[in-house]
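Descriptive analysis of the structure
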Amino acid sequence: MEIIWWLIVIASFVIGFLGLIFPVVPSVLMFWLGFLVYHFAVNSETLSWMFWIIVFVLTVLVLFSDFIANSYFVKKYGGTKRGEYAAIVGVVIGMFLYPPFGIIFVPFVLVLIVEALNSKDFNQALKASVGSLLAFLSSAVFNAVVYVLMVAWFLLDALVF
């Protein structure tokens, strides 16, 4: 039976990493599912209290990273609030329209259109679109690093210590 629980843990981690490509997948929840399945079904004594605190803090960082990166890069590149909202809508549309590449290209094009209509300056609109693209990419890289850290810490706690 323990093998089945481990397969569920591994599957939840794999699905969590897929969330980097398909934002509709709740990545952080999938990692937590794996941690909780391990804790309650495999071994409730190996994951330290420090593990739970660090994973909680990392989870909060991941949840806010998208908003922080989006706001920072769009503002840095001269975008407006409408451009920020267009990027969010573009990600949602893009994940269904042409996954996984749609989540990169659809927000870029949508921000370009919204900013061009808003400012009438194509170069400024292009800069804001690049900002939204950098926001998405930096957030995805940050999330990937955090997910690797979470899984590595889990494996160290669960298997080594």
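As a starting point, this report considers the structure included with it. (Residues numbered from 1 in each chain as written. Predicted model: local features only at pLDDT ≥ 70, side-chain atom pairs only at ≥ 80, totals over all residues. Heavy atoms only, no water.)

1. A word on the packing of aromatic side chains
If you walk through the whole model with that rule in mind, you get 16 aromatic pairs. Both rings, one in Phe31 and one in Tyr147, keep their centres 4.7 Å apart while their planes meet at 35 degrees; by these two values the pair is tilted. Residue Phe31 is located in helix α2 (residues 27-42), and its partner Tyr147 is located in helix α6 (residues 122-160); the two are separated by 116 residues in the primary sequence. Measuring from centroid to centroid gives 5.1 Å for Phe51 and Trp52, while their planes differ by 75 degrees, and the two rings are edge-to-face. For the pair formed by Phe51 and Trp52, the shared burial category is buried. Among the aromatic residues, those joined into a cluster by ring pairs are Trp6, Phe13, Phe17, Phe31, Trp32, Phe35, Tyr38, Phe51, Trp52, Tyr147 and Phe154. (Phe/Tyr/Trp six-rings, centres within 6.5 Å; stacked < 30°, edge-to-face > 60°. Helix = DSSP H or I, 4+ residues; strand = E, 2+ residues; numbered from the N terminus. Buried < 20%, exposed > 50% of the residue type's maximum accessible area, 1.4 Å probe, protein only.)

2. Remarks on unusual backbone geometry
Excluding glycine, a negative phi dihedral is what most residues carry, and trans is how most peptide bonds are arranged. Look at Lys120: it is not a glycine, yet its phi comes out positive at around 65 degrees. Mapped onto the elements of the fold, Lys120 is located in the loop between α5 (102-119) and α6. The exposure class of Lys120 is exposed, given its relative accessible area of 69%.

3. Let's talk about the nonpolar core
The biggest cluster of nonpolar side chains holds 21 residues, and the ones touching the most others in it are Phe35, Met150 and Phe154. Counting only elements with at least two residues in this core, the list comes to α1 (2-18), α2, α3 (49-76) and α6. Those residues in contact with Met150 that sit more than four places away from it in its chain are Phe31, Trp32, Phe35, Phe51, Val55, Leu58 and Thr59. (Core = buried A, V, L, I, M, F, W, Y, C linked by side-chain atoms within 4.5 Å. Contact = heavy atoms within 4.5 Å.)

4. Looking at the environment of Gly16
Considering the arrangement of structural elements, one finds Gly16 in helix α1. With a relative accessible area of 0%, Gly16 lands in the buried category. Here the alpha-carbon distance between Gly16 and Phe31, two residues 15 residues apart in the chain, equals 5.9 Å. Leave out the neighbours within four places in its chain, and Gly16 touches Ser27, Met30, Phe31 and Tyr147.

5. Quick notes on the side chain of Asn143
In this fold, Asn143 is placed in helix α6. A relative accessible area of 7% means that Asn143 is categorised as buried. Beyond its immediate sequence surroundings of up to four residues, Asn143 is in contact with Leu20, Val62, Ser65 and Asp66.

By themselves, these figures tell us nothing about what the structure is for.
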